[in-house]
Amino acid sequence: MGVDKSDDLVALCKRRGFIFQSDEIYGGQKGLYTFGPMGVELKNNLKQAWWKSVVWQRDDVEGLDASLLTSPKVLKYSGHEDTFTDPLIDCKDCKTRSRADQLIDGACPKCGSKNLTEPRPFNLMFKTNIGPVADGSSFAYLRPETAQQIFTNFKNVIDSTGRAVPFGIGQMGKSFRNEITPGKFIFRVREFEQMELEFFVKPGTDEDWFNYWVKARIDWWIEQGINRDNLEVFEAPKNDLSHYSKATTDLLYKFPHGFEELEGIANRQDFDLGSHTKNQSDYKISAKVMKNKDSTTKLGVQDLETKQFYVPYCIEPSAGVERGVFAVLNEAYHEEDVDGKTRIVLGLKPHLAPIKAAVIPLKRNNDNLVNEAKNIKNILQKLGKGRVMLENSGNIGKSYRRHDEIGTPICITIDFDSLDDHAVTVRDRDTMEQKRINTDELVNYYQEYYGKE
Ligand code: ATP
């Protein structure tokens, strides 16, 4: 899909219930979006695919779901209070606020004026009060990334699971950033979800694990339907690395507005565990950590061979769910000409499709047809592959169009013959081929179809 199609994709997202602007009936909020009935299924399926691949299918990763409200101490020692800033510039003429790196030829992107303030650091974290007293004495941040509470729970996970390095902790969930310039649809928003893995390794093995994870993550995106040609691997130059990073590789995706970051993979060294640990001087820590006076817990582990205690290194693949949803939608959106009419199809990978099968009675007011359709819907729904929908609109052409547009891989039509011959018509989204399948065989057909994933 080229740049010119992005408006069509955004329109489809609204028309078919994938993505809405938040608070739209009150004029909308910039940088906040709501996932609609189809969007929530797609998003959950993408997250589920990540969780399966990163947690369930491995033998060396555990999951976590930590709180979103985060103590200022966590974000002090992680460095976020001091350094999680973007350079903010105000245009003195039109009052537009911009990020210094987003000026166009040194001028305001809105009015072109060069009458600008000096850049000043703007912290991207949202703050809120905790408890009933609102005098500012007790506050928390809404977490700006899911990672930090993985580090602060490192010992809890080890103690409760008996894990030894190398092993990882994965977490998916909301993060909040008060972005100066949200935009490009759901590419840059102020509230989003991340899928983050912190994989802990012995220093010295970190570079191999880093390369391993870069490759594993590219392969995973390809499995989600991303064309390899639309991914670029960008190694951040050494002088551009974050304070904690020894190496960072970004996976850039060809969004409608150009190649931009979909996921970042960083070698965070021993920065985070080193910064959050008690008794820092007991360890040989390589990263420039924050001096910690408040931690109650030692976050080192013992090397079973040398018996020495050390702070593990950490490799972090960190992906954005919204950017992932945007990328898979962008890949899937196609328009084709069928008998002189435009057919819009979302060619989503079946495991990501919001609806796994639509069961369509040919006539909506016929109880026999509708009951048989409900019966088949319930049988397929119980197979646990995802949402199956009873599509009781009574208009077969409209139903096919709708399900092509939301990416439903198979439509199952119940007609009057079905009541006698116990067979149904199964239509394939991509080829539009229709075949008659006996209802006894439908379960096998469906299971094989989704079993392949
Ligand atoms: P960018 O440079 O685009 O602001 P970042 O380098 O700050 O991104 P990270 O801190 O590495 O991003 O976050 C990891 C992932 O989280 C990113 O690759 C992206 O997919 C996602 N992400 C970060 N910020 C946002 C945002 N404002 N909206 C949507 N997704 C985001």
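K.L.:
Which parts of the structure should I look at to understand the pairing of strand S14 (residues 258-269)?
P.N.:
Bridge count between strand S13 (residues 247-255) and S14: 9 bridges; the pairing is antiparallel. Bridging from a neighbouring strand, Ala247 pairs with Asn267 of S14. Remark: 2 residues form the turn of the hairpin made by S13 and S14, two consecutive strands paired antiparallel. For S14 and strand S17 (residues 313-320), the ladder comprises 6 bridges, and the chain directions are antiparallel. In the sheet register, Gly264 faces S17, and the bridge partner there is Ser318.

K.L.:
Got a minute to help me understand the layout of surface pockets in this structure?
P.N.:
With a probe scaled to a water molecule rolled over the atoms, the places where space remains empty come into view. What the largest pocket holds in volume is close to 1,400 Å³. Lining the largest pocket are 48 residues, with Phe84, Arg177, Ser242, Tyr244 and Glu261 sitting closest to its centre. Its residues assigned to classes, the lining of the largest pocket comprises 18 nonpolar, 13 polar and 17 charged.

K.L.:
Quick question: what am I supposed to make of the sheet that holds strand S10 (residues 167-176) here?
P.N.:
Picture the strands of a sheet paired through backbone hydrogen bonds; they go either parallel or antiparallel. Taken in spatial order, the 7 strands make up an open sheet running S3-S10-S11-S17-S14-S13-S12, and their pairing is mixed. On the outer flanks of this sheet lie strand S3 (61-64) and strand S12 (231-235), each paired with one strand and no other. Neighbour to neighbour, the strand axes of the sheet diverge by 20° on average, direction disregarded. By the bridge criterion, 6 bridges tie strand S11 (residues 191-201) to S17 in an arrangement that is antiparallel. Each bridged residue has a counterpart across the sheet, and for Val201 the counterpart in S17 is Tyr313. Strands S11, S12, S13, S14 and S17 of the sheet are contacted by helix H7 (residues 206-223), whose axis makes an angle of about 150° with S14.

K.L.:
Looking at this structure, how should I read the domain arrangement of the protein?
P.N.:
By a frequent convention, interface size equals the accessible area lost on bringing the separate parts together. One can read the domain layout of the protein as domain 1 (7-80 + 142-329) and domain 2 (355-451). Using only C-alpha atoms to locate each centre, domain 1 and domain 2 end up separated by 39 Å. Counting residues at the interface gives 7 residues for domain 1 and 8 residues for domain 2. Across the domain 1/domain 2 interface, buried area totals approximately 660 Å², and carbon plus sulfur atoms make up 53% of it. Taken together, domain 1 and domain 2 are joined by 2 salt bridges. Where Arg16 meets Glu405, a salt bridge forms, and the shortest distance between an N and an O atom there is 2.9 Å.

K.L.:
Can you help me understand helix H6 (residues 154-161) in this one?
P.N.:
In an α-helix, one full turn covers 3.6 residues, which means residues spaced three or four apart are oriented alike. When H6 is considered as a whole, its buried residues turn out to be Phe154, Val157 and Ile158. Projection of H6 onto a plane perpendicular to its axis shows the buried side chains occupying an angular sector of 95°, all on one side. In H6, the exposed positions angled more than 90 degrees off the buried face are occupied by Asp159 and Ser160. For H6, the elements touching its buried residues are S3, helix H5 (148-152), S10, S11, helix H8 (271-276) and strand S15 (301-302). Where H6 ends, the next residue or the one after it, Gly162, has phi of about 70°, a positive value.

K.L.:
How should the environment of His334 be read in this particular structure?
P.N.:
Mapped onto the elements, His334 comes out in strand S18 (residues 333-338). Residue class for His334 comes out partly exposed when judged on its relative accessible area of 42%. Considered as a pair, His334 and Gly347 are 13 residues apart in the sequence and their alpha carbons are 7.3 Å apart. Apart from the residues within four sequence positions on either side, His334 is in contact with Arg343, Ile344, Val345 and Gly347.

K.L.:
Would you mind going over the sheet that holds strand S22 (residues 410-414) with me for this structure?
P.N.:
Pairing within the open sheet is mixed, and its 5 strands lie in the order S21-S20-S22-S23-S24. Each edge of the open sheet is held by one strand with a lone partner, namely strand S21 (388-390) and strand S24 (434-438). Across the sheet, the axes of successive neighbouring strands diverge by a mean angle of 25°, strand direction being ignored. Lying on the sheet, helix H10 (residues 367-381) is in contact with strand S20 (357-361), S21, S22 and strand S23 (423-428); it crosses S21 at an angle near 170°.

Thresholds applied
- Here the residue numbers are simple positions, counted from 1 along each chain's written sequence.
- Thresholds applied to this predicted model are a pLDDT of at least 70 for local features of residues and 80 or more for the giving and counting of side-chain atom pairs; totals over whole chains, interfaces and linings are not thresholded and use all residues.
- The basis for the side-chain values is all heavy atoms of the structure; hydrogens and waters are excluded.
- Following DSSP output, two strands are said to pair if at least two bridges run between them.
- Strands here are runs of E lasting at least two residues and helices are runs of H or I lasting at least four, both read from the DSSP assignment and numbered beginning at the N terminus.
- Think of a 1 Å grid over just the protein atoms. A cavity is a set of points where a 1.4 Å probe fits yet cannot get out, a pocket is an open set with protein on both sides within 12 Å along at least five of seven lines, and lining residues have an atom within 4 Å of a point.
- Grid points are joined across faces, edges and corners, and a volume is the space filled by probe spheres set on the points.
- Each residue receives one of three labels: charged for Asp, Glu, Lys and Arg, nonpolar for Ala, Val, Leu, Ile, Met, Phe, Trp, Tyr, Cys and Pro, and polar for the others, Gly being one of them.
- All axes are obtained by fitting lines to C-alpha atoms, using only the stretch in contact for helices, and the reported angles, taken between N-to-C directions, cover 0 to 180 degrees.
- The contact definition used throughout considers only heavy atoms, calling two residues in contact when any of these lie within 4.5 Å.
- The source of the domain bounds is an automatic or database domain assignment.
- Two parts placed together each lose some accessible area; with a 1.4 Å probe, that loss summed over both constitutes the buried area.
- Should a side-chain nitrogen of Lys or Arg be within 4 Å of a carboxyl oxygen of Asp or Glu, the pair is scored as a salt bridge.
- Only protein chains enter the accessibility calculation, which uses a 1.4 Å probe; a residue is then buried when its area is under 20% of its type maximum, exposed when over 50%, and partly exposed in between.
- Here, the arc refers to the directions that run from the helix axis to the C-beta atoms.

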